[in-house]
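# Secondary and tertiary structure notes
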Amino acid sequence: MTAVDATTPPSTAPTEASSAQAPVTGAGVTRKGTPREVAAGRHLWGHFTRQDAWDRGEVTTIVRAEGEYLWDQNGHRLFDGLSGLFVVQVGHGRHELAEAAAKQARDLAFFPVWGYAHTPGIDLAERLADYAPGDLNHVFYTTGGSEAVETAWKLAKQYWQLVGKPGKRKVLSRDGAYHGTTHGALSLTRIGGYQAPYTPLVEGASQVPNTNAYRSQPQFWDDQVAYGRWAADEVERQILAEGPDTVAALFVEPVQNSGGCFVPPPGYFARVREICDRYDVLLVSDEVICAYGRTGGIFASADLGYVPDIITSSKGLTSGYSPIGAVLVSDRVYEPYRRGEAVFTHGYTFGGHPVSSAVALANLDILEREGLVDRVRTLGPAFKATLERLYDIPIVGDVRGAGYFLGLELTRDPATRERFTEKESDRLRAFLNPALYEAGLYCRADDRGDVVIQLAPPLTSGQAEFDLIESILRDVLVRAASRL
Ligand SMILES: Cc1ncc(COP(=O)(O)O)c(C=O)c1O
């Protein structure tokens, strides 16, 4: 019932119960739903949300969560198959995190990191530097992912200015990638429909191919090494086309979310690193989703064996118990900023908020104490294998991803990889989202291009939860296939 995007889960819940409420009339619109649902339609503006359904009082409200489960206003229980929005690594209802927030709010609720430091901000920066690959020893805080991406681009531009290459201001990112919604981040978000209403965007952003192996040219289907080499070499081609003296940075996710969990082919990142070094282009690893255990590593780049110049991160750092983002920067990129009078004239009032920093530290404690990152490394293959059981359903084309970050691509004919028509895709999504919700699984069918169901459960999940996800998907997908 709502439009959804690369990052936002659909508000898909069926509304029979709320529809059963007496209609409420207001502002010339007949509204159904409880007074609170009506108030939502009147006053709450959802993100990436079509407001017309809300205006009719059809508002799904999540009221409670515990462990891996959510409950809506009608008492409907759902498995949280998306960790909220790729966020809630340690699961819901962790009193320890609530208490860490309360204690910090009592000790020092707020102070900015503008010219001053605070204890949790220092401790978290030190700890993140410790986890980071290579010499990414310097942490610049934000309040979320878009701001982290924004920060990285500005930081890269100024870096090149400080080292005497002021012409390097352009950036590259990958086809279909989602890097956020602020103007800079949106310029890197290569999704036409998201950019169109907001032009002119920040100039200087251009596109390179992603690593959607399933939709690659058939000659690569059996040769992933060649595919990785081709995709990386396209980065070089684009740098040369733009002019190496004009390109500041390349933004890539370790595993691209948008489009449905595109993993890097073997050799891809080694080659990309080599190309970035050759042309003096900073490699920015956008780990807003992939970090903090999601794909099996505190930082996904470290797990995949490459060392970027900058990492952007957010989401899982606090498991969502309080908002924060962190940009990690290498010694080399930091160096000119610590000399003389150079200042990075950039900041956010709430960047590195003390309460969020304290929650992040407590969240990292849980990840370590409960071995959740290792759990993802160990159980990730079992999660994938469980979903691969669905290959016997005639519309399941590809199961892919890394760790607890998987996508399931649906296709008209798995043998030929024939796509659904646009109409069929729309019909499928319109069926899938509410059907999955009704069946007790909160996740989403990605709404651009091919139909991909995305799954990213809390890192506390195990085989019982994988089986539950598989059985709900099986039931819904069998019904979906029979309706085509
Ligand atoms: C890779 C990536 N970068 C940036 C962002 C933007 O983060 P935020 O929504 O916190 O601004 C997202 C959000 O999903 C993301 O997936």
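Just so you know, these numbers come straight off a predicted model, no measurement behind them.

## Section: the pairing of strand 4 (residues 69-72)
Sheet faces and side chains relate simply in a regular strand, where the side chains alternate between the two faces. Residues of strand 4 alternate between two faces, with Tyr69 and Trp71 on one and Leu70 and Asp72 on the opposite face, all of them buried. Where strand 3 (residues 62-66) folds back onto strand 4 in an antiparallel hairpin, the turn is made up of 2 residues, including glycine 67, whose phi is positive at roughly 60°. With 3 bridges connecting them, strand 4 and strand 5 (residues 77-80) associate as antiparallel partners. Following the sheet pairing, leucine 70 is matched in strand 5 by leucine 78. Where strand 4 folds back onto strand 5 in an antiparallel hairpin, the turn is made up of 4 residues, including glycine 75, whose phi is positive at roughly 80°.

## A short note on the domain arrangement of the chain
Here the domain parsing of the chain yields domain 1 (61-90 + 372-483) and domain 2 (95-369). A straight line from the C-alpha centre of domain 1 to that of domain 2 covers 26 Å. Counting residues at the interface gives 37 residues for domain 1 and 36 residues for domain 2. Of the roughly 2900 Å² buried between domain 1 and domain 2, counting both surfaces, carbon and sulfur atoms make up 55%. Taken together, the links from domain 1 to domain 2 amount to 3 salt bridges. Glutamate 409 is the partner of arginine 215 in a salt bridge, and the nearest nitrogen-oxygen pair spans 2.9 Å. Taken together, domain 1 and domain 2 are joined by 20 residue pairs in polar contact (both at pLDDT 80 or more). For the side of domain 1 that touches domain 2, the secondary-structure elements that each account for two or more residues are helix 4 (83-86), helix 15 (372-388), strand 13 (396-402), strand 14 (405-410), strand 16 (444-446) and strand 17 (452-455). Looking at the side of domain 1 that touches domain 2 element by element, the count peaks at 5 residues for strand 13.

## Let's talk about the environment of glycine 204
Within the secondary structure layout, glycine 204 lies in the loop between helix 9 (192-195) and strand 8 (205-208). The spacing of glycine 204 and threonine 119 is 85 residues in sequence and 38 Å in space, taken between C-alpha atoms. In this structure, glycine 204 is in contact with Lys170 and Val171, ignoring residues within four places of it in sequence.

## Notes on the side chain of histidine 346
The topology assignment puts histidine 346 in the loop between helix 13 (331-334) and helix 14 (354-369). A polar atom in the side chain of histidine 346 sits 2.7 Å from the side chain of threonine 151. When sequence neighbours within four positions are dropped, the list of residues in contact with histidine 346 reads Phe140, Thr151 and Lys154.

## Here's the deal with the confidence of the model for the chain
Confidence in the prediction for the chain averages 93 pLDDT; 94% of positions are at 70 or higher. Across residues 1-28 the pLDDT falls below 50, and counting only partners more than four positions away or on other chains, this stretch makes 92 contacts in the model.

## Let's talk about the nonpolar core
Formed by 65 residues in total, the largest nonpolar core has its most connected members in Leu410 and Leu432. Two domains each provide a minimum of three residues to this core, namely domain 1 (61-90 + 372-483) and domain 2 (95-369). The residues touching leucine 432, leaving out its near neighbours within four places in the chain, are Leu410, Ala445, Val451, Ile453, Val476, Leu477 and Ala480. One finds Val149, Val171, Ala248 and Val329 within the second-largest nonpolar core, a separate group that totals 22 residues.

## Quick word on helix 10 (residues 224-242)
Look at helix 10: 27 Å from first C-alpha to last across 19 residues, which is about the 27 Å you get at 1.5 Å a residue. Among the residues of helix 10, Tyr227, Gly228, Ala231, Ala232, Glu234, Val235, Glu236, Gln238 and Ile239 are the ones counted as buried. Buried-residue contacts for helix 10 involve strand 7 (170-174), strand 8, strand 9 (247-252) and helix 11 (268-278). Looking one or two residues beyond helix 10, the residue adopting positive phi is glycine 243, at roughly 100°.

## Structural notes on the pattern of salt bridges
Scanning the model with the defined rule gives 36 salt bridges in all. A salt bridge links aspartate 426 to arginine 429; its shortest N-O distance comes to 3.9 Å. One end of the pair, aspartate 426, and the other, arginine 429, are both in helix 16 (residues 422-438), 3 residues apart, so they sit about a helical turn from each other. What makes aspartate 426 partly exposed here is its relative accessible area of 48%. Owing to a relative accessible area of 10%, arginine 429 belongs among the buried residues under this scheme. One salt-bridge network, held together by shared partners, links Arg215, Asp398, Arg400, Glu409, Arg419 and Asp450.

About the thresholds
- The numbering scheme is per chain: residues are counted from 1 as the chain's sequence reads.
- Reporting in this predicted model follows two pLDDT cut-offs: at least 70 for local features of residues, and 80 or more for side-chain atom pairs to be given and counted; totals over whole chains, interfaces and linings ignore these cut-offs and use all residues.
- For side-chain calculations, the full set of non-hydrogen atoms in the structure is used, while hydrogens and water are omitted.
- Summary of the burial criterion: residues with accessible area below 20% of their type's maximum are buried, those above 50% are exposed, and those between are partly exposed, where the area comes from a 1.4 Å probe applied to protein chains only.
- Labels follow the DSSP assignment, with helices taken as runs of H or I lasting at least four residues and strands as runs of E lasting at least two, numbered in each case from the N terminus.
- Strands pair, by our definition, only if DSSP identifies at least two bridges between them.
- Domain extents, as shown, originate in an automatic or database domain assignment.
- Note on definitions: a residue-residue contact is assigned when non-hydrogen atoms from the two residues lie within 4.5 Å.
- Throughout, buried area stands for the accessible area (probe radius 1.4 Å) lost by two parts on being put together, summed over both.
- Salt-bridge detection follows one rule: a side-chain nitrogen of Lys or Arg within 4 Å of a carboxyl oxygen of Asp or Glu.
- Any pair of N or O atoms that falls within 3.5 Å is considered a polar contact. Within protein, one atom must be able to donate a hydrogen and the other to accept it, and sequence-neighbouring residues count only if both atoms are side-chain atoms.
- pLDDT: the predictor's confidence for each residue, scored from 0 to 100.
- Within this scheme, the nonpolar core is defined by two criteria: the residues are buried Ala, Val, Leu, Ile, Met, Phe, Trp, Tyr or Cys, and they are joined through side-chain atoms within 4.5 Å.
- In this scheme, a helix's expected span is set at 1.5 Å multiplied by one less than its residue total.

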